[in-house]
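Each chain is listed here by its residues.
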Amino acid sequence: MKRRALLLALPSLPALAHHGWSSFDLTQPLFLAGTAADVRWTNPHVELNLVRDARAPLPGDLAQRPLPAQSAPVEGAALLAKARLPRRADASWAVELAPLTRMKAWSVPEIQNGQRLELLGFSFIDEAGSAILRAEYLWLDGRCFGLRSSPLG
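Just so we're clear, the structure is a prediction, and the values are computed from it rather than from any experiment.

Note that D25 resides in the loop between α2 (13–17) and β1 (30–40). Buried D25, no salt bridge; nearest opposite-charge side chain is R84, N-O distance 6.3 Å. Within the local environment of D25, its side chain forms a polar contact with the side chain of T27, the two groups lying 2.5 Å apart. Every residue in contact with D25, bar those within four places of it in the chain, is listed here: F122, S123, F124, I125 and D126.

Printed below as a string of structure tokens:
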């Protein structure tokens, strides 16, 4: 009987790790820069650990960076203007990017371990709990990708 209960519970385990947008504080965009590690280029979302460059300041040009048009109504310029560095000092952040289909629609090259990237996204209210970031924008190899929805055009 215990084995059957365990087998019935297994399909729900990934759902426990997945967080919808409502779990995140969308009023406090955070900027992270660092190196990708433990990249998982799989569904339901591309995930990685970001080894944060704690010495990296908030880029002076962040609020002026051009953003790609996407199908969701995202106030990207306002997010860039409000962005700040995290208050917490975690060296590693778990990052959730977009689903594979959306990554392919944006033509995001497969991120490799050791690759440098920058992210703008959201964590939990007051940065409570684990160091998790749900990415809204990804800067990789000089390009910016919107991750909330599909690209326009």
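Having seen the structure, we can now continue with the description.
V95, L97, I111, L117, L119 and L138 are the most contacted members of the largest nonpolar core, which totals 25 residues. In terms of residue count, strand β5 (residues 132–140) provides more of this core than any other element does, four residues in total. Sequence-distant contacts of L119, defined by excluding residues within four places in its chain, comprise L30, F31, L32, L50, V95, L97, L133, A135, Y137, L138 and W139. With 17 residues, the next largest nonpolar core counts A56, A72, A83 and F124 among its residues.

Let us now look at the pattern of salt bridges. Taken as a whole and assessed by the stated rule, the structure comprises seven salt bridges. Linking R65 and E118 is a salt bridge whose minimum nitrogen-to-oxygen distance equals 2.8 Å. Residue R65 is located in the loop between β2 (47–52) and α3 (76–82), and its partner E118 is located in strand β4 (residues 116–122); the two are separated by 53 residues in the primary sequence. Take R65 and E118: they sit in the same class, and that class is buried. Of the charged contacts, one joins R84 and E127 as a salt bridge, the two residues approaching to 2.8 Å between their closest N and O atoms. With R84 in the loop between α3 and β3 (92–96) and E127 in the loop between β4 and β5, the pair connects residues that are 43 residues apart, well separated along the chain. Three or more residues joined by partner-sharing salt bridges are found here, namely D61, R65 and E118.

Only one face of β2 is covered, namely the one carrying L48, L50 and R52; the face carrying E47, N49 and V51 has none of its residues buried. Sheet analysis places β1 next to β2, joined by five bridges and oriented antiparallel. Bridged to G34 within β2 is R52. In textbook terms, the turn of a hairpin is the stretch between consecutive antiparallel strands, and for β1 and β2 this stretch comprises six residues.

We now examine the confidence of the model for the protein. Residues shown with low pLDDT carry predicted positions that ought not to be read at fine detail. Taken as a whole, the protein shows an average pLDDT of 87; of its residues, 85% reach a score of 70 or greater. In the predicted structure, residues 1–19 sits below a pLDDT of 50 and forms seven contacts with residues beyond four places in sequence or in another chain.

On to the packing of aromatic side chains, then. Applying the stated criterion across every chain, the model contains three aromatic pairs. When the ring of Y137 is compared with that of W139, the centres are 6.3 Å apart and the planes differ by 35°; the resulting orientation is tilted. Note on accessibility: Y137 and W139 belong to one class, buried. Taken together, the ring pairs connect F31, Y137 and W139 into an aromatic cluster. The positively charged end of R65 is found above the aromatic ring belonging to W139, 5.0 Å away from the centroid. Just above the ring of W93 sits the side chain of R88; from NZ or CZ to the centre is 5.7 Å.

Next up on the list: the environment of A89. By secondary structure assignment, the location of A89 is in the loop between α3 and β3. Each C-alpha atom, one on A89 and one on A54, is 7.4 Å from the other, the two residues being 35 residues apart in sequence.

What counts as what
- Residues numbered from 1 in each chain as written.
- Predicted model: local features only at pLDDT ≥ 70, side-chain atom pairs only at ≥ 80, totals over all residues.
- Heavy atoms only, no water.
- Helix = DSSP H or I, 4+ residues; strand = E, 2+ residues; numbered from the N terminus.
- Buried < 20%, exposed > 50% of the residue type's maximum accessible area, 1.4 Å probe, protein only.
- Lys, Arg positive; Asp, Glu negative; His and termini not counted.
- Salt bridge = Lys/Arg side-chain N within 4 Å of Asp/Glu carboxyl O.
- Polar contact = N/O pair within 3.5 Å; in protein donor to acceptor, adjacent residues only side chain to side chain.
- Contact = heavy atoms within 4.5 Å.
- Core = buried A, V, L, I, M, F, W, Y, C linked by side-chain atoms within 4.5 Å.
- Pairing = 2+ DSSP bridges.
- pLDDT = per-residue confidence, 0-100.
- Phe/Tyr/Trp six-rings, centres within 6.5 Å; stacked < 30°, edge-to-face > 60°.
- Lys NZ or Arg CZ within 6 Å of the ring centre and 35° of its normal.

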